[in-house]
Amino acid sequence: MNINEANELIEKLYTEYPKMVKVLIRDGVPELLVDDLIQSVFEDAVRKADKLIDHPNPVGCLYIALSIAVKVEMRQPHRSDI
């Protein structure tokens, strides 16, 4: 995979960003966490683009990764006085 293929994949995946925001807000994720969670998932996607490009459903992988990121984040204890 060359850099152009990786960039095309990430650009394609990035079109899902608005949908991901809506899904997280609909699912009750605090709005303060939404962008950070999505950014984290996209950072992973960039790092793993060489594997993701060969996957039959890269968009599905993105949503699964987001779901996992949400579960991990929601398990973390948060200070209520922040």
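Each remark here, short or long, concerns the structure printed above.
Before going into details, it helps to say that this report is about the structure given with it. (Residues numbered from 1 in each chain as written. Predicted model: local features only at pLDDT ≥ 70, side-chain atom pairs only at ≥ 80, totals over all residues. Heavy atoms only, no water.)

**Section: the overall build of the protein chain**
Counting its regular elements, the protein chain contains five helices and zero strands. Taken from N to C terminus, the helices and strands of the protein chain fall in the order α-α-α-α-α. Principal-axis analysis of the C-alpha atoms places the extent of the protein chain at approximately 45 × 20 × 20 Å. Of all intrachain contacts in the protein chain linking residues separated by at least 6 positions in sequence, the fraction that spans at least 24 positions is 67%. (Helix = DSSP H or I, 4+ residues; strand = E, 2+ residues; numbered from the N terminus. Contact = heavy atoms within 4.5 Å.)

**Considerations on the nonpolar core**
Judged by nonpolar contacts, the single largest core of 22 residues is most densely connected at Leu 13, Leu 24, Leu 37 and Ile 38. Sorting the residues of this core by element identifies helix H1 (3-14), helix H2 (17-26), helix H3 (31-47), helix H4 (49-52) and helix H5 (58-75) as the ones contributing at least two each. Dropping the residues within four chain positions of it, Leu 13 is found in contact with Phe 42, Ala 45, Leu 52, Pro 58, Val 59 and Leu 62. (Core = buried A, V, L, I, M, F, W, Y, C linked by side-chain atoms within 4.5 Å. Buried < 20%, exposed > 50% of the residue type's maximum accessible area, 1.4 Å probe, protein only.)

**Here we look at the pattern of salt bridges**
Overall, the coordinates contain three salt bridges when judged by the stated rule. When the shortest N-O distance is used, the salt bridge between Glu 16 and Lys 19 registers 3.5 Å. Residue Lys 19 is classed as partly exposed on the basis of its relative accessible area, which comes to 46%. Of the charged contacts in the structure, one is a salt bridge between Asp 27 and Arg 26, with a shortest N-O distance of 3.2 Å. Taking relative accessible area as the criterion, Arg 26 reaches 63% and is therefore assigned exposed. (Salt bridge = Lys/Arg side-chain N within 4 Å of Asp/Glu carboxyl O.)

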